[in-house]
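Inside the fold
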Amino acid sequence: MNNRKWADKIRKIEPYVPGEQPQMKDIIKLNTNENPYPPSPRVKKVMKEFSTDKLRLYPSFKFEELKNVLCAAYGINKDELYIGNGSDEVLALCFAAFFNSDKPILMADITYSFYDVWSEFFNVKYEKIPLNDKFEINRVDYYKENGGVIIANPNAPTSIYMGLDDIEDIVKHNESSIVIVDEAYIDFGGESAVGLIKKYDNLVVVQTFSKSRSLAGIRIGYAMADKALIDVLEAVKNSFNSYTVSVFSQTAAAECAADIEYFDECRKKIMKTREWTIGELDKLGFKTLPSMTNFIFTKNNNIEAKKLFEYLRSKKIIVRYFDKKRINEYLRITIGTDEEMEKLIEAIKEYS
Ligand code: PMP
């Protein structure tokens, strides 16, 4: 029994490792770049009033309400928008849909670590291009022939933003492949490339409700691109699972996206807290990379990052440490509320 004669017939996979979601009480959770503020009060209202009778039916894949709000916000047409089950799934489907060549796709050596996992999973060849010493992308590195390009802007876990001119330059130099720009963190100070999709039919911009809109739990992500690319994404999705977004999530997301005032208020608060935190860390001898995200990437030459990570954990403050080449001296810290960040700074002071 159990001698696993089938072992050579099944997939061997090395998966992405998400940041932990500890169930301990009273922790300060600064490890997965969630928003510390609740979603728009309109989400609460719509959930309270939600008619469960709607759950009898399959969800609409036209996303009427949600598409109306997002298209108005970004100045795009409904057929230029694809909505899916969190941006991880949208990005994975983009890999399946757009990276279909013998040539390697290009990505930074330090970037969102799901990209190489999807490449392996979908059998896409890839080449990692080193960021420079300041952890910046050098656009000229992306001029060579390739099977596609994936860029997180701002990048994760470095928090560094690349200007729109540089993004446009890369898109322009890659007319014969698809360039995906993952803008999970764009609302914390950067300018979106979505305005370029009408000019370049090889550009795909992906965003999420998980960070700036406080809805990581609801799982909504979306891609914006030329209609021809959106049609292919729809076809790939419909070759796999047609109903990827629940009725509930669609309704809540539409209400959330309509509340622009609250959205602006929250992201401004986070950016302000970010600058305060960077200033305080600066006083304690930390060097923090310039951040345009809701997290910071910071190091202190006199403190071992792993030890500080463990110390903070013992104080119930959970941040992220990556035991990887080039970045193992850094901690990635999500921006929480002012109170949470004050406690973080106090704990670091006690340690150092
Ligand atoms: N892209 C980047 C760069 C991220 O950091 C994340 C969050 N882990 C995602 C995409 C995925 O976010 P979600 O699936 O919650 O939309």
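Scroll up for the structure.
Cut-offs used in this document
Numbering of residues starts from 1 in every chain and runs along the sequence as written. Reporting of local features is limited, given that this is a predicted model, to residues whose pLDDT is at least 70; pairs of side-chain atoms are given and counted only at 80 or more, and all residues count toward the totals for whole chains, interfaces and linings. In computing side-chain properties, one takes all heavy atoms of the structure into account and sets aside hydrogens as well as water. Counting from the N terminus, the helices are the DSSP runs of H or I reaching at least four residues and the strands are the DSSP runs of E reaching at least two. Between the two quantities, the radius of gyration covers C-alpha atoms and the globule rule is 2.2 Å times the number of residues to the power 0.38. Each residue's exposure class comes from its accessible area (1.4 Å probe, protein chains only) as a fraction of the maximum for that residue type: buried when under 20%, exposed when over 50%, partly exposed otherwise. Pairs of residues are marked as contacts when any of their non-hydrogen atoms sit within 4.5 Å. Note on areas: these come from Shrake-Rupley sampling with a 1.4 Å probe, and a residue is covered only by the protein chains present in the view. In this tally, Lys and Arg are treated as positive and Asp and Glu as negative; His is ignored, and so are the chain termini. Lys charges are placed at NZ, Arg charges at CZ, Asp charges at CG and Glu charges at CD. One less than the number of residues in a helix, times 1.5 Å, gives the span that helix is expected to have. Here a cavity denotes grid points, spaced 1 Å and computed from the protein atoms alone, that fit a 1.4 Å probe unable to get out, and a pocket denotes an open set having protein on both sides within 12 Å along at least 5 of 7 lines; residues with an atom within 4 Å of a point are the lining. Grid points are joined across faces, edges and corners, and a volume is the space filled by probe spheres set on the points. Under the scheme applied here, ten amino acids are nonpolar (Ala, Val, Leu, Ile, Met, Phe, Trp, Tyr, Cys and Pro), four are charged (Asp, Glu, Lys and Arg), and all others, including Gly, are polar. Each domain's extent was defined by an automatic or database domain assignment. Two strands qualify as a pair provided that DSSP identifies no fewer than 2 bridges between them. Looking down the strands as they point away from the viewer, one classifies a crossover as right-handed if the path from the first strand across the helix to the second runs clockwise.

As for the overall build of the protein chain
In terms of helices and strands, the protein chain carries 10 helices and 13 strands. For 352 residues, the compact-globule estimate of 2.2 N^0.38 gives 20 Å, and the protein chain sits close to it at 21 Å. For the protein chain, the spread of C-alpha atoms along the principal axes amounts to about 60 × 55 × 50 Å. Here the protein chain holds 352 residues, and 53% of them are scored as buried. In the protein chain, 72% of the contacts between residues at least 6 apart in sequence involve partners at least 24 apart. For the protein chain, the computed accessible surface area is about 17,700 Å², with 50% contributed by carbon and sulfur atoms. Side chains of the protein chain give 50 positive and 53 negative charges; the mean places of these two sets differ by 5 Å.

Quick look at helix α7 (residues 247-258)
For α7, built from 12 residues, the straight-helix expectation of 16 Å at 1.5 Å per residue is met to within 8% by its first-to-last C-alpha distance of 17 Å. For α7, a buried count of 9 out of 12 residues is recorded, marking the element as mostly surrounded by other parts of the structure. Taken together, the buried positions of α7 are V247, S249, Q250, T251, A252, A253, A254, C256 and A257. For α7, the elements touching its buried residues are α1 (41-48), α2 (64-74) and α8 (260-283).

Things to note about the layout of surface pockets
Size it by volume and the largest pocket reaches roughly 920 Å³. What lines the largest pocket is a set of 39 residues, among which Y16, Y112, S113, R320 and R332 lie closest to the centre. Breaking the lining of the largest pocket down by element, the ones donating at least two residues are α3 (86-98), β3 (105-108) and α4 (114-121). Considering each element in turn, the lining of the largest pocket owes the most residues, 3 residues, to α3. Grouping the amino acids of the lining of the largest pocket by side-chain chemistry returns 17 nonpolar, 9 polar and 13 charged. Of the residues that make up the lining of the largest pocket, three or more belong to each of domain 1 (19-38 + 261-351) and domain 2 (41-258). One number sums up the size of the second largest pocket: a volume of about 390 Å³. Looking at the second largest pocket, it is lined by 19 residues, and the ones nearest its centre are E14, P15, Y16, S113 and V117. Among the elements that make up the lining of the second largest pocket, the one with the highest residue count is α4 (4 residues). Across the lining of the second largest pocket, the residue classes break down as 8 nonpolar, 2 polar and 9 charged. Both domains that furnish three or more residues to the lining of the second largest pocket are identified here as domain 1 (19-38 + 261-351) and domain 2 (41-258).

Observations concerning the pairing of β3
Side chains of β3 alternate between two faces, with I105 and M107 and L106 and A108 buried alike. Pairing between β3 and strand β4 (residues 126-129): 4 bridges, direction parallel. Paired with A108 across the strands is I129, a residue of β4. Between the parallel pair β3 and β4, the chain is carried across by α4, and the sense of this crossover is right-handed. Inspection of the sheet shows β3 paired to strand β5 (residues 148-152) by 2 bridges, in the parallel sense. Within β5, the residue paired with L106 across the bridge is V149.

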